[in-house]
Amino acid sequence: MELFTTAWTSLRAVVADLADDDLLRASGCRGWLVRDLVCHLIIDAQDVLIALATPADSEPTRNAVTYWDLAPAQPGGDDPLDALTVRLAAAYHEPRLLKFHLDDVGSAAGRAARLADPRGRISTKGEVLTVADYLDAYVLEWTLHHLDLVAHLPHVPGPPAETLAASRDMLDRIVGNPFPAEFSDADALLVGTGRRAPSESELDGLPGGVPLVLG
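Residues numbered from 1 in each chain as written. Predicted model: local features only at pLDDT ≥ 70, side-chain atom pairs only at ≥ 80, totals over all residues. Heavy atoms only, no water.

Considerations on the overall build of the protein chain
- Helices and strands together make up the secondary structure of the protein chain, namely 8 helices and 2 strands.
- Helices (α) and strands (β) of the protein chain occur, in sequence order from the N terminus, as α-α-α-α-α-β-β-α-α-α.
- Its C-alpha atoms give the protein chain a radius of gyration of 17 Å, within 12% of the compact-globule value 17 Å for 215 residues.
- If you line up the protein chain on its principal axes, its C-alpha atoms span 45 × 45 × 30 Å.
- Taking all 215 residues of the protein chain together, the buried fraction comes to 45%. (Helix = DSSP H or I, 4+ residues; strand = E, 2+ residues; numbered from the N terminus. Rg over C-alpha atoms; globule rule 2.2 N^0.38 Å. Buried < 20%, exposed > 50% of the residue type's maximum accessible area, 1.4 Å probe, protein only.)

Listed below in structure tokens is the structure:
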């Protein structure tokens, strides 16, 4: 629960400090500008609110690791939902309105997470998870998107060390094998999810099945 708050608070703080020009730079999400990614974060925050307000009585069907589905390929930005996000982001003619909307909805999602019973169960995407597992899954989501946001903004702070470490541990469990110790947490996440190709020296010791496209 604390890591969720740390990851989400850090990501929202970075967005709040972005200059208008930063929002028009490319992000680490193929085909998306930073403003498109911020718009996606608004939708993510809405999803968190909806899930936390959708209690379930049945036994959990997934946990923080099995929450993730594996997609066949990296998104190219031309999927209908991806394209909708781009059009929606462009509709915010003033960058401050986009950032305000994320702060508004994002703050509500953060409060809802802090108030939720970690032992409770929620329903999302046709599956049932405990609140704790659901929020743990989102630590990986927020951390990856924080890396996406700063991919071409070297002056912007990256994710906190503790959320990078927790996300790497989760990715290790999703893959089924740990990444080599020589990899930094950020590099393990970037290479492991196909956000960048491994260098020739990094190929040795990579877990099988990498990269994973998480959906």
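Thoughts on the environment of Ser184
- Here Ser184 is to be found in the loop between helix 7 (161-175) and helix 8 (185-192).
- In this structure, the C-alpha to C-alpha distance between Ser184 and Ala165, residues 19 residues apart in sequence, is 9.1 Å.
- One polar contact links the side chain of Ser184 to the main-chain amide nitrogen of Asp187, over a distance of 3.0 Å. (Polar contact = N/O pair within 3.5 Å; in protein donor to acceptor, adjacent residues only side chain to side chain.)

Looking at helix 8
- Three or more residues of helix 8 are buried, namely Ala188, Leu189, Leu190, Val191 and Gly192.
- Against the buried residues of helix 8 lie helix 6 (131-149) and helix 7.
- The first or second residue beyond helix 8 is Gly194, which carries a positive phi of 75°. (Contact = heavy atoms within 4.5 Å.)

Digging into the packing of helix 1 (residues 2-16) against helix 3 (residues 34-52)
- Two elements in contact, helix 1 and helix 3, have axes separated by 12 Å at closest approach and are oriented at 145°. The handedness of the crossing between helix 1 and helix 3 comes out as left-handed. From helix 1, Phe4, Trp8, Leu11 and Val15 reach across to helix 3, where they touch Val38, Leu41, Ala45 and Val48.
- Residues belonging to the contact of helix 1 with helix 3 are distributed by class as follows: 8 nonpolar, no polar and no charged. (Axes fitted to C-alpha atoms, helices over the stretch in contact; angles between N-to-C directions. Left-handed = near helix turned anticlockwise from the far one by under 90°. Nonpolar A, V, L, I, M, F, W, Y, C, P; charged D, E, K, R; others polar.)

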